[in-house]
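Coordinate analysis (summary)
What follows is the residue order along each chain.
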Amino acid sequence: MESIAAISPSKHFHLTQSNTPTNPFLKSIKTQVPTQFITKSTTPFRRFIIKSSLKAQTNPSPKPPLVVVGSANADIYVEIDRLPLEGETISAHTGQTLAGGKGANQAVCSAKLDYPTFFVGQVGEDAHGKLIIGALEDGGVGVDYLSVVCDAPTGHAVVMLQPDGQNSIIIVGGANMSCWPERLGDGGLEVVRNAGIVLLQREIPDSVNIQVAKEANRSGVPVILDAGGADGPVPSELLNFVDILSPNETELARLTGLPTENFEQISQAVVKCHELGVNKVLVKLGAKGSALFIKGEEPIKQPIISASKVLDTTGAGDTFTAAFAIALVEGKSQKDCMKFAAAAASLCVQVKGAIPSMPDRKSVLDLLQSV
C-alpha cells in the first residue's frame, strides 16, 4: 500500500481556533494541492480546523482521488442476545466504542483498498471526534477537509449486535447534521472537481449533498448516493445529479413505497427509481447478494461470496459501495465491479466493528482468486 502511505496524513494533528465562521472544507494552512475551500457564512458558531501535514495535502498518485462527503460517527456497540421488548431492560454481554459512520466507513475502506481518498465532513470537539480523526488517519484517509465544530457533539450511533451478526442501529446526527454553512461557495469545491468519483450518503443534510452533487456533475465526476441515513424521500434536485443510487432492500421499499420481498418486487421498485430520474440503481440484498439495474438493460446479479463466519454485518454495505466505486473508477467492467465489491463485503462481515473490519486490497484479490 505504498501509494496510500504516500498520501496519508501525519498521525499527529493540531487544532487551531477560527474566530470567523468558515466553510467546513476550509484548511488552516496554505497548500497548492488541493485548493482550499473559501466561502462566506453567517452561521454563528465557533469552528476549529485541522492542521494536516503537507504530506497529507498532496496526491502524488496519478489516480484522481475518491472523495467521500459524508458522516462520521462514534459507534457504541452492545452485544445482546435479542432486542429488548417495549419497556424492557436487558443486559449486554459487552460494550465498546469504535469509529464509524457511513461516510467515514466508506473513506477508510477506499484507502485500505489502496486508492487515494479524501474525506469531507464534520466532528465535534470531543473525545469521539478525536477517535474518528485518529481512525481516518490510521486508515490512510486524507483529512484536509475534515472540520472540528465547537457547537455540536460528534455524531454517534448505538449498534445493537445480535449473535447471528445482524444489527439494529440508532443514530444521533450531532455535527453531521448541524453547523454546516448555508452555501459551500462557488470557488471552493476543488477536491470534488478533481475527484475520480464522489460518494455521498444521507447522514448529512440534503442541502450539502445537493451542492456537492451539482459541482461534481458540472465537472463530469460520477456520483454514487448511498440511500442509507434519512428516512424521508430523496429530493428530486439531488437525484437529478446522481449517477448511481445505492439502497438496500429496506431503503428501496421506503423510498418507493413498494414491497421488496422478492426479486420481481425489487425490480418493480427499481422501475420507480428510474421514473424518478436515476438510470442506475445498485441494490444491496444482504444474504441474497446484490444487483445492478441499468435502465433499458437486463439486471446484473451478483451472489454473495460466502464467508467462513459472520461476526458482524455492520459496515458491510459501506464496504460494498466503496469497493464497487473503486473498481468502477479503475475501469473494471460492471460485472467485475460487483464481484470485487462482493469479495470485500465478505471479508468485512468476518470481523467485529465497522472501520476495523475493512479489508485491504491484497485480501480481496486473494479471495477472488480462490472462488
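Owing to the predicted nature of the structure, the values given are computational and were not obtained by experimental measurement.

Our next topic: the UniProt feature "binding site: ATP" (unreviewed entry) in the protein. Under the UniProt annotation, the feature "binding site: ATP" (unreviewed entry) is placed at N248, K284, L285, G286, A287, K288, G289, G317 and D318. Assignment of secondary structure puts G286 in the loop between β13 (280-284) and β14 (290-294). Other than its neighbours up to four places away in sequence, G286 contacts E249 and I304. Within the secondary structure, A287 sits in the loop between β13 and β14.

Now for the side chain of T260. Among the structural elements, T260 can be located in the loop between α7 (249-256) and α8 (263-275). Within the structure, T260 has its side chain in polar contact with the backbone oxygen of E249 (distance 3.1 Å). If we ignore the near neighbours within four places in the chain, the residues touching T260 are E249, L252, A253, Q265, I266 and A269.

The next thing to look at is unusual backbone geometry. Residue D114 is not a glycine yet carries a positive backbone phi of 70 degrees. With respect to the helices, strands and loops of the structure, D114 is situated in the loop between α2 (102-112) and β6 (117-124). Unusually for a residue other than glycine, C179 sits at a positive phi of about 75 degrees. Within the fold, C179 resides in the loop between β9 (167-172) and α4 (190-193).

Another point: the packing of α2 against helix α9 (residues 316-329). In the contact formed by α2 and α9, the axes pass within 8 Å of each other and the chain directions differ by 45 degrees. Between α2 and α9, the angle falls in the class oblique. As α2 runs across α9, the sense of the crossing is right-handed. Residues K102, N105, Q106, C109 and S110 of α2 touch α9, and the partners they reach there are D318, T319, T321, A322 and I326.

A few words on the pairing of strand β10 (residues 197-202). Most of β10 sits out of view: six of its six residues are buried. Of the two faces of β10, the one lined by I197, L199 and Q201 and the one lined by V198, L200 and R202 are each fully buried. Summarising the sheet, β10 and strand β11 (residues 223-229) pair through four bridges and their orientation is parallel. By the bridge assignment for β11, L199 is matched with I224. As for the winding sense of the linkage, the β-α-β connection from β10 through helix α5 (residues 206-218) to β11 is right-handed.

Residues annotated in UniProt with the feature "binding site: K(+)" (unreviewed entry) correspond here to D312, T314, C348, V351, G353 and S357. A maximum C-alpha distance of 9.4 Å is found for the annotated residues, which run over 46 residues; spatially they form one tight group. Of note, V351 is situated in the loop between α10 (334-348) and α11 (361-370). Look at V351 and you get partly exposed, because its relative accessible area is 34%. Discounting residues that sit within four places of it in the chain, V351 has contacts with D312, P356 and S357. Within the secondary structure layout, S357 lies in the loop between α10 and α11.

In the structure shown here, the tally under the stated rule is two aromatic pairs. Aromatic pair F263 and F293: ring centres 5.6 Å apart, planes at 25 degrees, arrangement stacked. Of this pair, F263 sits in helix α8 while F293 sits in strand β14, and the two are 30 residues apart along the sequence. With relative accessibility at 26%, the residue F263 sits in the partly exposed group. The ring of F263 has K301 lying over it, and the distance from NZ or CZ to the ring centre is 4.1 Å.

The next point concerns the pattern of salt bridges. Oppositely charged side chains can pair when the atoms bearing their charge come close. Considering all chains together, one arrives at 15 salt bridges under this definition. Here E330 and K63 are joined by a salt bridge, their closest N and O atoms 3.7 Å apart. Of this pair, E330 sits in the loop between α9 and α10 while K63 sits in the loop between β2 (47-51) and β3 (66-69), and the two are 267 residues apart along the sequence. Its relative accessible area of 30% is what places K63 among the partly exposed residues. Its salt-bridge partner being R193, residue E215 comes within 2.6 Å of it at the nearest N-O pair. With E215 in helix α5 and R193 in helix α4, the pair connects residues that are 22 residues apart, well separated along the chain. Assessed through its relative accessible area of 7%, E215 is described here as buried. What you see here is one network of salt bridges that share partners, running through K63, E330, K332 and R361.

Thresholds, definitions, all that
- Residues numbered from 1 in each chain as written.
- Predicted model: local features only at pLDDT ≥ 70, side-chain atom pairs only at ≥ 80, totals over all residues.
- Heavy atoms only, no water.
- UniProt positions renumbered as here; feature names shortened; annotations may be inferred.
- Helix = DSSP H or I, 4+ residues; strand = E, 2+ residues; numbered from the N terminus.
- Contact = heavy atoms within 4.5 Å.
- Polar contact = N/O pair within 3.5 Å; in protein donor to acceptor, adjacent residues only side chain to side chain.
- Axes fitted to C-alpha atoms, helices over the stretch in contact; angles between N-to-C directions.
- Parallel < 35°, antiparallel > 145°, perpendicular 65-115°, else oblique.
- Left-handed = near helix turned anticlockwise from the far one by under 90°.
- Buried < 20%, exposed > 50% of the residue type's maximum accessible area, 1.4 Å probe, protein only.
- Pairing = 2+ DSSP bridges.
- Right-handed = clockwise from strand over helix to strand, strands pointing away.
- Phe/Tyr/Trp six-rings, centres within 6.5 Å; stacked < 30°, edge-to-face > 60°.
- Lys NZ or Arg CZ within 6 Å of the ring centre and 35° of its normal.
- Salt bridge = Lys/Arg side-chain N within 4 Å of Asp/Glu carboxyl O.

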